[in-house]
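Each chain is listed here by its residues.
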Amino acid sequence: MASPSGSSTQHDSTTSTDDPRPVPAWGPASGVGSLPGTDPAEAVRLVVGELPGFAHLPELPARGAGADITGRTAALLVDLAVDLTPAGWRLVPRPGRDLQRAQEFLARDLDALHDVAGDWTGPFKVQAAGPWTLAAMLERTRGDRAVVDPGARRDLAQSLAEGLRAHVAEVSARLPGAAVVVQVDEPSLPAVLQGALPTASGFGKLPAVEEPVATEELTRFLDVLDHPVVVHCCARQVPLALLRSAGADAVGFDLGLVTDLDAVGSAVDEGTHLFLGVVPGTDAVLPAPKVTATRLQQWWGRLGFPAEQLHAAVTLTPTCGLAGASPAHARAAMAHVREAAKYLLPD
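Residues numbered from 1 in each chain as written. Predicted model: local features only at pLDDT ≥ 70, side-chain atom pairs only at ≥ 80, totals over all residues. Heavy atoms only, no water.

Inspection of the entire model under this criterion finds one disulfide. A sulfur-sulfur distance of 2.5 Å marks the disulfide that ties Cys-234 to Cys-320. Here the residue Cys-234 occupies a position in the loop between strand 6 (229-232) and helix 8 (240-245), and Cys-320 occupies one in the loop between strand 9 (314-318) and helix 12 (327-342), the gap between them amounting to 86 residues. A disulfide-free cysteine, Cys-233 has its sulfur positioned 6.4 Å from the sulfur of Cys-234, the nearest such atom. (Disulfide = S-S within 2.5 Å. Helix = DSSP H or I, 4+ residues; strand = E, 2+ residues; numbered from the N terminus.)

Below is the structure:
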């Protein structure tokens, strides 16, 4: 295998002539997105304190409907509306109170971000559900999932891309010194490809989407985002080749769930940065950070790459969001990935 591309170590915002997105700026350790608690200012203080090299905008689903991943992402949609029903979030003709609540949560988070971290410099990450996962989570008015309708998928993807660009602009305005990275969460993509999503009745499965179709639609979505993109999937059977082909600058996954070293090696060969989930997202006894670093070095050695390039090729994270963890574990998990990353630096 070839050595990983050096582009992952750059921390400027120059634009390549071949790609409209800026050169990625990655940090050594970051979070996935969600945290326990309900206070956005406290959450921002926690993240920037524990992850000073690569913080992110926290998500706080404990606040209730509208702060969950579906409602939060729906708050970004342009010219599309959703509402909450007993069966979940549904596309509707006009916005209502549920969507307004989601938008208000997001506005409060941005205000807290400016108040607490307005002088931030360096890489900073925002997160949203990706187009396939959003289409899998939202129902159309007739009750089936939007993912079964190519027209609905197209409209959702276009609306979300436009909304994400506006969201990044708002974050950049509040953090002028930040190099903003967009994380696209696609935990439902493996189920979409395998035909494993249940129907509205729960008695059947929706038909699988062919991989070329999934790749084409995700490529079209990523192409219009004008910032570096990491696609994160903490499910089993992460389609690394598909994500790479679609144009992801980085891929994130639970290191314990990905066993296809050839697929990982191919991604590294092509210069794709890795966000490695190495700490449980729920309460657990954590090893010493040096133990985690040693495990990663051994794993990297099995891939066949030079040891001194590991630190530049990866960003360490928890395996998934931390919303289900205790506040103590959430803090410990972020501190753990920060400290473990230090042991990856060459002697």
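Moving on from the coordinates now.
Moving on: the pattern of salt bridges. The full count for this structure, using the stated rule, is 15 salt bridges. Here Arg-90 ties to Glu-139 by a salt bridge, and the two come within 2.8 Å at their closest N and O atoms. Pair noted here: Arg-90 is in strand 3 (residues 88-92) and Glu-139 is in the loop between helix 4 (131-137) and helix 5 (150-174), with a separation of 49 residues, a long-range link. The class of Arg-90 is partly exposed, set by a relative accessible area of 22%. Residue Glu-139 is classed as buried on the basis of its relative accessible area, which comes to 12%. Glu-104 serves as the salt-bridge partner of Arg-108, at 4.0 Å between the closest nitrogen and oxygen. Of this pair, Arg-108 and Glu-104 are both found in helix 3 (residues 97-117), four residues apart, which corresponds to roughly one turn of the helix. Take Arg-108: its relative accessible area is 45%, and that puts it in the partly exposed class. (Salt bridge = Lys/Arg side-chain N within 4 Å of Asp/Glu carboxyl O. Buried < 20%, exposed > 50% of the residue type's maximum accessible area, 1.4 Å probe, protein only.)

Time to look at the sheet that holds strand 8 (residues 273-279). Working definition: the strands of a sheet are paired by backbone hydrogen bonds and lie parallel or antiparallel to each other. Spatially, seven strands are ordered 1-4-5-6-7-8-9 in an open sheet, and the strand pairing comes out parallel. Edge strands, defined here as strands with exactly one partner in the open sheet, are strand 1 (55-56) and strand 9. Most of the contacts of helix 10 (residues 289-303) go to strand 8, to which it runs at about 135°, and overall it touches strand 8 and strand 9. (Pairing = 2+ DSSP bridges. Contact = heavy atoms within 4.5 Å. Axes fitted to C-alpha atoms, helices over the stretch in contact; angles between N-to-C directions.)

Further remarks concern the environment of Asp-83. On the secondary structure map, Asp-83 appears in strand 2 (residues 81-85). Asp-83 sits in the partly exposed class, given a relative accessible area of 24%. Sequence spacing of Asp-83 and Gly-66 is 17 residues, and the spatial spacing of their C-alpha atoms is 9.6 Å. If near-sequence neighbours (up to four positions away) are discounted, Asp-83 is found in contact with Gly-88, Trp-89, Arg-90, Val-92 and Asp-98.

Counting through the fold element by element, Asp-254 comes out in strand 7 (residues 250-254). Apart from the residues within four sequence positions on either side, Asp-254 is in contact with Cys-233, Gly-277 and Thr-319.

Once that is clear, we can look at the packing of aromatic side chains. By the definition in use, this model includes five aromatic pairs. Each ring, one from Trp-26 and one from Phe-275, has its centre 5.5 Å from the other, and the planes form 85°; the classification is edge-to-face. Of this pair, Trp-26 sits in the segment before helix 1 (40-50) while Phe-275 sits in strand 8; the two residues are 249 residues apart in sequence, bridging distant segments of the chain. Measuring from ring centre to ring centre gives 5.9 Å for Phe-54 and Phe-275, while their planes differ by 70°; the resulting arrangement is edge-to-face. Pair noted here: Phe-54 is in the loop between helix 1 and strand 1 and Phe-275 is in strand 8, with a separation of 221 residues, a long-range link. Following the ring pairs from residue to residue traces out a cluster consisting of Trp-26, Phe-54 and Phe-275. (Phe/Tyr/Trp six-rings, centres within 6.5 Å; stacked < 30°, edge-to-face > 60°.)

On to the packing of helix 5 against helix 7 (residues 211-223), then. Helix packing for two helices is described by the angle between their axes and how far apart those axes are. Interhelical geometry of helix 5 versus helix 7 gives an angle of 30° and a closest axis separation of 9 Å. As judged from the angle between their axes, helix 5 and helix 7 are roughly parallel. Read as a crossing pair, helix 5 and helix 7 show a hand that is right-handed. Contact with helix 5, carried on its side by Arg-153, Ala-157, Leu-160, Ala-161 and Leu-164, involves Val-213, Glu-217 and Phe-221 of helix 7 and no other residues of that element. In terms of residue class, the contact of helix 5 with helix 7 is built from six nonpolar, no polar and two charged. (Parallel < 35°, antiparallel > 145°, perpendicular 65-115°, else oblique. Left-handed = near helix turned anticlockwise from the far one by under 90°. Nonpolar A, V, L, I, M, F, W, Y, C, P; charged D, E, K, R; others polar.)

Next up on the list: the pairing of strand 6. Here strand 6 shows a buried face lined by Val-229 and Val-231 and a second buried face lined by Val-230 and His-232. The pairing of strand 5 (residues 177-185) with strand 6 spans four bridges and is classified as parallel. When the bridges of strand 6 are listed, Val-184 appears paired with Val-231. The pairing of strand 6 with strand 7 spans three bridges and is classified as parallel.

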